[in-house]
Amino acid sequence: MTANIDGTAAGKFERIRDEFARNFAERGEVGASVCISVNGERVVDLWGGVADPKTDEPWERDTISIVFSCTKAATALCAHMLVDRGLLALHAPVAEYWPEFAKNGKEATTVQMMLNHESAVPAFRDPVKPGGFLDWGYMIKRLEDEEAFWEPGTRNGYHMVNFGWTVGELVRRVSGKSLGQFFRDEVADPLSADFWIGLPDDVTRPIAPILLATPDPSAVMNSFTKNLLTDPNSIQALSFLNNGGWNQNDPAAHKAEIGGAGGLSNARGQVAMYEPLALGGSHKGVKLVSPERLAHMGEVSVATQIDATLLAPTRFASGFMKSMDNRAYPGGDQMSAVIGNAAFGHVGAGGSIGFADPDHGLAFGYTMNQMGMGLLLNERGQSLVDATYEILRG
């Protein structure tokens, strides 16, 4: 596919435009955006392709799309801001802030465990009611009543969508604002970031519908996918399929505050959020966190050989993903996201990503509408990340 590509790429970063074009020509890209900031300067801001193949609507400068689990980074950031203000303590029991959660084997859960995907509620055993994901109160009550899948703190298992309610409810209870409103007031609006957890009625942006991946029958099936397809009672199937019929392209879903997977943004919006985190915690007069809190945010806080949900090695830094290179494992190319050693951020299902790398003053964002296979990066996003680091290393 040949695509029209708009925007700018400065100097040596013109190579990113070439790689971006290859994604359309050779790797099945439909519509996408990529943005890169180095030391606070936007050196790449590109977008192109088709936002909606049904109408041939082009991907415009301000087109946004669901960024799936990239939203977790925004949710985690809100929690860290409250930690930085002394309103939330990482090692305090969750019961201090949310006493109704502390039952059914979850009594010892701490705030840190929630950020680490260790709080033992990665899924729901009983069916989620139709439209349940759009009902915050219902989802919180379900989490309170759910029995722990393991003893909290003894292992970690990716909380695919539930992370947005476990951590998001802490943000709501401590700040007095909903997760989406806190993020908008404290992060997105001050930074002029096109990034929303729950799209307000007064915001209008062209939204690119998400296009599901077409399975490749020749691809090696990883353990996550095997369990998803063969065991309906597995954590993999329950976390992925027991969703109350959640349709990511439904306008009602866009308005819901789904902090684990429902945020809407584009590459520029993600970069705006990450720029302060690449530059000591502040940028252009907007302070998100202190340098001390920022240092903690980038440190690995949990790493495991077999994540209870993803069934692959994972590494997290208190709510953020660290570099995960699982390409040596069967099907591991669908469970990898290779970024710098100091970098932290989050990928989204199908291949979107945003992250900060303080070692390089780098903020990076990539979003798209055509999902690839797997829950982490695919060759489209990884090629852009790889080219960026090659340029920086010069």
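Bear in mind the structure is a predicted one, so any value in this text is a computation, not a measurement.

Caption draft 1: Fine view of empty space enclosed by the protein. The tally for this structure, following the rule as stated, stands at two cavities of 30 Å³ or more. There is about 50 Å³ of room inside the largest cavity. Along the walls of the largest cavity sit Pro122, Ala123, Phe124, Phe133, Met160, Val161, Asn162, Leu238, Ser239 and Asn242, which together make up its complete lining. Residue composition of the lining of the largest cavity, by class: seven nonpolar, three polar and no charged. Considered as a void within the structure, the second largest cavity measures approximately 40 Å³ in volume. Around the second largest cavity sit Met321, Lys322, Ala337, Ile339, Gly345, His346, Val347, Ile353, Gly354 and Phe355, which together line it. Counting only elements with at least two residues in the lining of the second largest cavity, the list comes to β13 (344-348) and β14 (352-357). When the residues that make up the lining of the second largest cavity are grouped by side-chain class, the tally is six nonpolar, three polar and one charged.

Caption draft 2: Quick peek at the packing of aromatic side chains. Following the criterion strictly, the structure yields eleven aromatic pairs and no others. Pairing Phe68 with Trp246 gives two aromatic rings, centres 6.4 Å apart and planes at 80 degrees, and the pair type is edge-to-face. Taken together, the residues span a long stretch of sequence, with Phe68 in the loop between β5 (65-66) and α2 (70-84) and Trp246 in the loop between α8 (235-241) and α9 (251-255) at a distance of 178 residues. For the pair Phe68 and Trp246, one class covers both residues: buried. With centroids separated by 4.9 Å and ring planes inclined at 45 degrees, the aromatic side chains of Trp98 and Phe101 adopt a geometry described as tilted. Taken individually, Trp98 and Phe101 each receive the classification buried, so the pair is uniform in this respect. Taken together through their ring pairs, the aromatic side chains of Phe68, Phe133, Trp165 and Trp246 make up a single cluster. Over the face of the ring belonging to Phe149 we find Arg125, whose NZ or CZ atom lies 3.8 Å from the ring centre. The ring of Tyr138 carries Lys129 above its face, with NZ or CZ at 4.6 Å from the centroid.

Caption draft 3: Geometry of helix α1 (residues 14-26). Between the first and last C-alpha of α1 there are 18 Å, a value that for 13 residues agrees with the 18 Å anticipated at 1.5 Å per step. In the core, the buried residues of α1 are packed alongside β1 (5-9), β2 (31-38), β3 (41-52) and α12 (379-393). Following α1 by one or two positions, Gly28 has its phi on the positive side, about 85 degrees.

Caption draft 4: Representation of the packing of helix α4 (residues 136-145) against helix α5 (residues 163-175). Running from N to C, α4 and α5 point in directions that differ by 110 degrees, and their axes come no closer than 10 Å. One element, α4, and the other, α5, form an angle in the roughly perpendicular class. Of the residues in α5, those touching α4 at Trp136, Met139, Ile140, Leu143 and Glu144 are Gly164, Trp165, Thr166, Gly168, Glu169, Arg172 and Arg173.

Caption draft 5: Quick peek at the packing of helix α6 (residues 179-191) against helix α10 (residues 267-278). Axis separation between α6 and α10 bottoms out at 9 Å; the angle between their running directions is 95 degrees. For the element pair α6 / α10, the angle class is roughly perpendicular. Seen from α6, the contacting residues are Phe183, Val187 and Leu191; seen from α10, they are Ala272, Met273 and Pro276. Partitioning the contact of α6 with α10 into residue classes produces six nonpolar, no polar and no charged.

Caption draft 6: Structural context of the environment of Glu107. Inspection of the secondary structure assignment puts Glu107 in the loop between α2 and α3 (111-115). Residues Glu107 and Ser119 lie twelve residues apart in sequence; the distance between their C-alpha atoms is 10.0 Å. Separated by 3.2 Å, the side chain of Glu107 and the backbone nitrogen of Gly105 make a polar contact.

Caption draft 7: Region of the structure containing the pattern of salt bridges. Enumeration according to the criterion identifies 24 salt bridges in this entry. In this structure, Asp45 engages Arg268 in a salt bridge whose closest nitrogen and oxygen atoms are separated by 2.8 Å. Remark: Arg268 occurs in helix α10 and Asp45 occurs in strand β3; sequence separation between them is 223 residues. The closest approach of N and O atoms between Glu144 and Arg173, which form a salt bridge, is 3.8 Å. With Glu144 in helix α4 and Arg173 in helix α5, this pair connects stretches of sequence that are 29 residues apart. Judged by relative accessible area, Glu144 falls into the buried class, the value being 8%. One salt-bridge network, in which partners are shared between bridges, spans Glu100, Glu144, Glu169, Arg172 and Arg173.

Caption draft 8: The arrangement of the environment of Arg61 in detail. Mapped onto the secondary structure, Arg61 falls in the loop between β4 (57-58) and β5. For the pair Arg61 and Leu82, spaced 21 residues apart in sequence, the C-alpha separation works out to 33 Å. Filtering out sequence-adjacent residues up to four positions away, Arg61 remains in contact with Asp45, Trp47, Asn266 and Arg268.

Reading the values: rules and limits
- Residues numbered from 1 in each chain as written.
- Predicted model: local features only at pLDDT ≥ 70, side-chain atom pairs only at ≥ 80, totals over all residues.
- Heavy atoms only, no water.
- 1 Å grid on protein atoms, 1.4 Å probe; cavity = no way out; pocket = protein on both sides within 12 Å on 5 of 7 lines; lining within 4 Å.
- Points joined across faces, edges and corners; volume = space filled by probe spheres on them.
- Nonpolar A, V, L, I, M, F, W, Y, C, P; charged D, E, K, R; others polar.
- Helix = DSSP H or I, 4+ residues; strand = E, 2+ residues; numbered from the N terminus.
- Phe/Tyr/Trp six-rings, centres within 6.5 Å; stacked < 30°, edge-to-face > 60°.
- Buried < 20%, exposed > 50% of the residue type's maximum accessible area, 1.4 Å probe, protein only.
- Lys NZ or Arg CZ within 6 Å of the ring centre and 35° of its normal.
- Expected span 1.5 Å × (residues − 1).
- Contact = heavy atoms within 4.5 Å.
- Axes fitted to C-alpha atoms, helices over the stretch in contact; angles between N-to-C directions.
- Parallel < 35°, antiparallel > 145°, perpendicular 65-115°, else oblique.
- Polar contact = N/O pair within 3.5 Å; in protein donor to acceptor, adjacent residues only side chain to side chain.
- Salt bridge = Lys/Arg side-chain N within 4 Å of Asp/Glu carboxyl O.

Note that all results are geometric; they support no functional claim without further evidence.
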